[in-house]
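Now for the letters of each chain:
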Amino acid sequence: MATPGAGERRETGDDAVTPMMRQYQEIKAANPNCLLFYRMGDFYELFFEDAAIASRALGIELTKRGKHLGEDIPMCGVPVHRSDDYLHKLIRAGHRVAVCEQTENPAEARKRGSKSVVARAVVRLVTPGTLTEDTLLDARSNNFLMAVFRAPSSTTNPGETFALAALDISTGEFLIAETQGADLAGEIARIAPGELIAGEELTGDQRLSAAARSVGAAVTSVPRTTFDSLAGERMLKAKLGVAVLDGLGQFSRAELATIGGLLAYVDITQIGAQPAILPPGRRGPANALVIDAATRSSLELTRSIGGGRQATLMSVIDRTVTAAGARELAARLSSPLIDPRAIGERLDAIEWLLQAPLLRASLRGALRSAPDLARPLSRLALGRAGPRDLKAVAVALCAAVELVRLIDAMVDQSGGLTGELALLRAALAATPDTLALELNAALAEDVPLLRRDGGFVRGGYREALDEHRLLRDQGRKVIAALQARYAEETGVRALKVRHNNVLGYFIEVSAANGEKLMAPPLNTSFFHRQTLANVMRFTTVELGETEVRIVQAGDRALAVELDVFDELAALVERHRPALSTCAAALGLLDHYCALAELAGEGGHVRPLVDDSRAFRIEGGRHPVVEDALRRGDGAAFIDNDCLLGESNGASNADGGNAPRILVVTGPNMAGKSTFLRQNALMVVLAQMGAFVPARAAHIGVVDRLFSRVGAADDLAGGRSTFMVEMVEAAGILNQATDRSFVILDEIGRGTATFDGLSIAWACVEHLHEVNRARALFATHYHELTALAATLDRAANVTMQVREWNDEIVFLHKVVPGAADRSYGIHVARLAGLPAAAVARAEQVLERLEGEERASGGAGLAADLPLFAAAADAAKAAKKGPSELEMALESANPDEMSPRQALEFLYRLRRLASGGPS
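Residues numbered from 1 in each chain as written. Predicted model: local features only at pLDDT ≥ 70, side-chain atom pairs only at ≥ 80, totals over all residues. Heavy atoms only, no water.

Caption draft 1: Region of interest: helix α15 (residues 374-382). Most of α15 is tucked away, with eight of its nine residues classed as buried. When we look at burial in α15, the residues that qualify are Ala 374, Arg 375, Pro 376, Leu 377, Ser 378, Arg 379, Leu 380 and Leu 382. Immediately downstream of α15, the backbone of Gly 383 shows phi near 80°, a positive value. (Buried < 20%, exposed > 50% of the residue type's maximum accessible area, 1.4 Å probe, protein only. Helix = DSSP H or I, 4+ residues; strand = E, 2+ residues; numbered from the N terminus.)

Caption draft 2: Inspection of the sheet that holds strand β14 (residues 496-500) at higher detail. In space, the four strands of this open sheet follow the order β14-β15-β17-β16, with antiparallel pairing throughout. Every interior strand has two partners, whereas the edge strands, β14 and β16 (527-531), have only one. Averaged over all pairs of adjacent strands, the angle between strand axes in this sheet comes to 40°, irrespective of strand direction. Both strand β15 (residues 504-510) and strand β17 (residues 535-539) contribute to a ladder of four bridges, which runs antiparallel. Each residue of the ladder has a partner; that of Ile 507, found in β17, is Phe 538. Packed onto the sheet, helix α22 (residues 541-574) meets β14, β15, β16 and β17 and runs at close to 145° relative to β15. (Pairing = 2+ DSSP bridges. Axes fitted to C-alpha atoms, helices over the stretch in contact; angles between N-to-C directions. Contact = heavy atoms within 4.5 Å.)

Caption draft 3: Here's a closer look at the pattern of salt bridges. Taken as a whole, this structure holds 50 salt bridges when the rule is applied. The shortest N-O distance in the salt bridge between Lys 813 and Asp 639 comes to 3.4 Å. Of this pair, Lys 813 sits in strand β27 (residues 807-816) while Asp 639 sits in the loop between α24 (623-631) and β20 (640-644), and the two are 174 residues apart along the sequence. Sharing partners across several salt bridges, the network here consists of Arg 150, Glu 160, Asp 205 and Arg 207. (Salt bridge = Lys/Arg side-chain N within 4 Å of Asp/Glu carboxyl O.)

Caption draft 4: Representation of the nonpolar core. Membership of the largest hydrophobic core comes to 115 residues, with the highest contact counts inside it found for Val 393 and Leu 589. Residue contributions to this core peak at 13 residues, all from helix α23 (residues 576-602). Leaving out residues up to four positions away in the same chain, Val 393 has contacts with Leu 373, Leu 377, Leu 380, Leu 435, Leu 439, Val 572 and Leu 579. Residues Leu 240, Leu 245, Tyr 265 and Ile 277 belong to the second largest nonpolar core, which totals 31 residues. (Core = buried A, V, L, I, M, F, W, Y, C linked by side-chain atoms within 4.5 Å.)

Caption draft 5: Representation of the side chain of Ser 55 in the model. As for its placement among the helices and strands, Ser 55 is situated in helix α2 (residues 48-58). Apart from residues lying up to four places away in sequence, Ser 55 is in contact with Ile 60, Glu 61, Leu 62 and Cys 76.

Caption draft 6: View of the environment of Gln 735. Relative to the helices and strands, Gln 735 resides in helix α26 (residues 721-735). Remark: the alpha-carbon pair of Gln 735 and Arg 704, spanning 31 residues in sequence, is separated by 8.4 Å. Setting aside residues no more than four positions away along its own chain, Gln 735 makes contact with Ala 182, Asp 183, Arg 704 and Phe 706.

Caption draft 7: Spatial organisation of the packing of helix α12 (residues 323-334) against α23. In contact at an axis separation of 7 Å, α12 and α23 are set at 70° when each is read in the N-to-C sense. Considering their axes alone, α12 and α23 lie roughly perpendicular with respect to each other. Contacts between α12 and α23 involve Ala 324, Gly 325, Glu 328, Leu 329 and Arg 332 on the former and, on the latter, Gly 587, Leu 588, Asp 590, His 591, Tyr 592 and Leu 595. Residues that form the contact of α12 with α23 fall into these classes: five nonpolar, three polar and three charged. (Parallel < 35°, antiparallel > 145°, perpendicular 65-115°, else oblique. Nonpolar A, V, L, I, M, F, W, Y, C, P; charged D, E, K, R; others polar.)

Caption draft 8: Summary view of unusual backbone geometry. A cis amide bond, omega 0°, links Pro 520 with the succeeding residue Pro 521. Of note, Pro 521 is situated in the loop between α21 (511-518) and β16. The phi dihedral of Ala 311 is positive, around 60°, even though this residue is not glycine. With respect to the helices and strands, the residue Ala 311 is situated in the loop between α10 (293-299) and α11 (313-317).

Caption draft 9: Representation of the sheet that holds strand β21 (residues 661-665) in the model. Taken together, the seven strands give an open sheet; going across it, the order is β13-β23-β24-β25-β21-β26-β27, and neighbouring strands pair in mixed fashion. Two strands bound the open sheet, and with one partner strand each, they are β13 (290-291) and β27. The strands that α26 touches are β23 (704-708) and β24 (741-745); relative to β23, the one it contacts most, it runs at about 155°.

Caption draft 10: Looking closely at the packing of aromatic side chains. This model, assessed by the stated rule, comprises nine aromatic pairs. Their ring planes at 85° and their centres at 5.4 Å tell us that Tyr 24 and Tyr 38 sit as a pair that is edge-to-face. On the criterion of sequence distance, the pair formed by Tyr 24 in helix α1 (residues 19-30) and Tyr 38 in strand β1 (residues 35-40) is long-range, its members being 14 residues apart. Each member of the pair, Tyr 24 as well as Tyr 38, carries the same accessibility label: buried. Aromatic side chains Phe 149 and Phe 227 sit 5.6 Å apart centroid to centroid with 20° between the ring planes, which places their arrangement in the stacked category. In this pair, Phe 149 is assigned in strand β7 (residues 145-150) and Phe 227 in the loop between β11 (218-222) and α8 (229-240), connecting sequence segments 78 residues apart. (Phe/Tyr/Trp six-rings, centres within 6.5 Å; stacked < 30°, edge-to-face > 60°.)

Encoded structure:
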């Protein structure tokens, strides 16, 4: 393992607590909830229980070091140069790590005595939400640290309200939001933090735990007193360098308390280092499309149900060429807008770029050379940057200059820019030219990862550095030149300058010539050092000074380079606001170019997004399924229309008299779920400001998007599949508004037929009469198609099929009407059900259908209360009028005498009671 620092002895045979082990125990006691990476030379060592944990998590050998209380001290270690790899594994396993570095040179410890210990201190706590190293992060995703705080209830705020604050330390992005308790899980899923912190009273909340678990976030408990609104206001002002917060918008006390908890945790983990943060942006239910956690999972926007990124909407629409562009795309996909004007501005930018394919190609080429600027800026602020971070700033600035040149050349030919692109061009043009020139003049073409490796300053930038490098790299030539000069000055042709580890550099001559050097006048320049059998050794003041310079040249060269690094880092820091703006502009431009590229490549169209209740999709396609087909056998995707909330094709503000709800029937495998999901994805794409895969699209802004598609249980929460389904359905019916868009698939299938049909029936009626939302309701309960006759804004559509030679062909086309049967047995055959089981199923089905026909339609549905009245009416119509009805029909009161009338009344009474007439 590692070699201890100066004065640090390895005790192996007794129980004596060495000074070094005492130091370790003190530092560990101050960081009890972390694995302690204790720096010893070229290794980080772990001891006791930390060593056992790390050994299991990392798969490395567990050794021992001395004894403590009669027991061996477990020990394991990792090389410093590979520590990032091991840190990544530990963080992914849910551990926190305290990094303890040597804070003094071992030589200083040696001066204090042989038993002195090298001073050490924890310089950083590494947690899942505070990572900054590229090796520990996904370049194309944000890594947010989120704080959650429950606001106190009051007369003005009687409900359960949560304030959220999220910071990506690696980029400086800062988000705040307020949300109701019902939307908390959805907001956590939207931001998808790497780590979530909350007070002790919240970390045990099942909703919070489930939401964190769904996105793979670690949950950290902090004292409730950490969430202090006054402290939050003070710290935010200090971080942003402002005297008042008025220019940043209005903050509630709950939001400031959450910010306080977040920034306090950052200070604790960064041990005094100050990350640069951007002004907080407000994203949440007030200005973004609300998508609950279940819907995000169902639609697989950025994360698949299995937890990966393959086959997600993000994976198939991502055409970005930079990490910053990918992060911006993911952020906008997760938080679609609800303001038609802002959406329109985004669409304008895409349309402009779509119409300029040559410029778009040139811009994407220039963007490919632009490094990720935000994360190097963050590491520079934290003091964790390396030469490559400075180089990234220089290259990014050069890319910004080239992008401005390309845009200006195009504008000269085609006219002005749209609003969004004009702002981006201005941000790129505002970058400081002098900074780029200075960085390029100072930095070599190829620079190392770490500062301590040196070699990153360009030759000729500092004269002193060039001299030190010359001595370091050409020491042999310098010594050879001295040897030649000394030989000439002394006349001793055989004079040699040699080196060993004891004397260092020395002059060696034969014993005979040595006498000459010891005689005047040479003895004033050459000083005798050593006499051996046949040779004598000398030195000079010049040789000694040269030796010192050569030996120290490397250290001095590195010291100069480190000074240059600090100067350049300070220069970058002075230009941070402009550089942060440039970093954001590079990501946004890449984002717009990528969406324009996608639109041109996939034949997507610009949607009309307004304040109406319309939903008109012509020739819509599911982008993920279409991509899978293209990558598979190349089959074409069958597009479909979806017309909701408009009248005769003319959009009205209130949706006209067109259907608000479509009841979708048809067999499994025919494409019902695909049809439902693709229309929900149209909402997301359109409102994030992207073109959509359709021939035409008109979408009235949706405030909340709901999806209940597929079956899943919650074993950790103790909920069955049907219970999960009902909880999600309840959330939809309780929260959907007349601006919402809802897709529901097979509601009620998880319980008994009568119960399930009743629930599905009631859900459709509630969506129609109470929520008044635009909805697609897929079902195998064909009885629900009767609702189209009783609900004025409901209609039936079905998945078209064809029967051919006793086989079923799924056409994947949505047509008006209702399915007559489900073709479930055919699907079972396709799935590989044994032939005997399929044949038996066909026999049972034939028998059940025969019994249903024999009962005159009074089968299962007749027993359901919802259909009882209709069934009774049907029976009555089939039997004809009753005897009582015929008696009333034949009576003529005007011709009856009083006695006849009295007898007729008695007769009617007997008939009504069931007696004989």
